[in-house]
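Geometric and topological summary
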Amino acid sequence: MLYSLLALCVSLLLVAATASTGARFRPDEWYRQLQKPGWTPPDIVFPIAWGILYLLMAIAAWRIYMAEDSPFRTASLAVYGFQLITNAAWSWLFFGRKQIAAALVDIALLLGLLTLAIVLFANVSVLAASLMVPYWLWVLLALTLNASVLLLNRGQGQS
């Protein structure tokens with residue numbers, strides 16, 4: 001029981017470390033001046049959605065970690081780790097470096113890694129895989145938004 005609780009805390013800390021880049025690199029005046037599609041969610045939606053998604057991710061990864069050792073478990077955790085890094089890089093690229101195109105490449109890679117993670121997770125725990133689906137949907141929305149911002153701001157000095 002104590003080991004399981006410790007593993008959950010570690011999972012939450014890993015997600016918090018990932019989330020810290022989103023807290024560090026946030027929308028600023030540059031972002032507010034960008035043209036965005038009319039369907040862009042209000043700014044307040046993002047921290048609420050990410051808070052919920054990060055919690056679901058941490059629980060999903062914890063369930064995978066606590067599962068019986070197997071090649072799928074090992075692969076699941078490796079891909080999960082890579083997607084955490086890719087997730088963290090997006091805020092730095094988009095808001096920190098103001099590199100919209102590079103952020104789009106990053107988020108496309110993130111969506112691919114998430115797809116692979118969900119498939120791998122499903123071989124270990126269907127519940128864990130299911131907990132990752134809202135995250136996948138949100139990243140798909142974010143990818144579409146990122147692409148739209150890139151297209152709407154092309155030729156205006158934004159990269």
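Residues numbered from 1 in each chain as written. Predicted model: local features only at pLDDT ≥ 70, side-chain atom pairs only at ≥ 80, totals over all residues. Heavy atoms only, no water.

All told, the structure shown has three salt bridges when counted by the stated rule. We note a salt bridge from D28 to K98, for which the minimum N-O separation is 3.0 Å. With a gap of 70 residues between them, D28 in the loop between α1 (2-24) and α2 (29-33) and K98 in the loop between α4 (71-96) and α5 (100-122) connect regions that are remote in the sequence. Given the relative accessible area of 26%, K98 is considered partly exposed. A salt bridge links E29 to R32, with the nearest nitrogen and oxygen atoms 3.7 Å apart. Linking E29 with R32, this pair stays in helix α2, spanning three residues, or about one helical turn. The exposure class of R32 is partly exposed, given its relative accessible area of 47%. (Salt bridge = Lys/Arg side-chain N within 4 Å of Asp/Glu carboxyl O. Helix = DSSP H or I, 4+ residues; strand = E, 2+ residues; numbered from the N terminus. Buried < 20%, exposed > 50% of the residue type's maximum accessible area, 1.4 Å probe, protein only.)

Locating N87 in the fold gives a position in helix α4. Here Y54 takes part through its side chain, which lies 3.0 Å from a polar atom of the side chain of N87. If we skip the residues at most four places from it in the chain, N87 touches T18, W50, Y54, L110 and Y135. (Polar contact = N/O pair within 3.5 Å; in protein donor to acceptor, adjacent residues only side chain to side chain. Contact = heavy atoms within 4.5 Å.)

Before going further, it helps to examine the packing of aromatic side chains. Scanning the model with the defined rule gives 11 aromatic pairs in all. Plain terms: the ring middles of Y31 and F94 are 6.1 Å apart, the flat faces sit at 65 degrees to each other, and that makes the pair edge-to-face. Here F94 lies in helix α4 and Y31 lies in helix α2, a separation of 63 residues in the sequence. Comparing Y31 with F94 shows no difference in burial state: the two are buried. Taken together through their ring pairs, the aromatic side chains of W30, Y31, W90, F94 and F95 make up a single cluster. The ring of Y31 carries the charged tip of K36 above its face, separated from the ring centre by 4.5 Å. The ring of Y65 has R73 lying over it, and the distance from NZ or CZ to the ring centre is 5.1 Å. (Phe/Tyr/Trp six-rings, centres within 6.5 Å; stacked < 30°, edge-to-face > 60°. Lys NZ or Arg CZ within 6 Å of the ring centre and 35° of its normal.)

Of the pockets and cavities examined, the largest pocket occupies roughly 700 Å³. If you trace the largest pocket, you find 28 residues lining it, with G22, F46, W50, S91 and F95 closest to the centre. Every element with two or more residues in the lining of the largest pocket is listed here: α1, α2, α3 (45-66), α4, α5 and α6 (126-152). Partitioned by chemical class, the residues of the lining of the largest pocket number 18 nonpolar, seven polar and three charged. Quantified by volume, the second largest pocket comes out at close to 190 Å³. Those elements that provide at least two residues to the lining of the second largest pocket are α1, α3 and α4. With six residues, the top contributor of residues to the lining of the second largest pocket is α1. (1 Å grid on protein atoms, 1.4 Å probe; cavity = no way out; pocket = protein on both sides within 12 Å on 5 of 7 lines; lining within 4 Å. Points joined across faces, edges and corners; volume = space filled by probe spheres on them. Nonpolar A, V, L, I, M, F, W, Y, C, P; charged D, E, K, R; others polar.)

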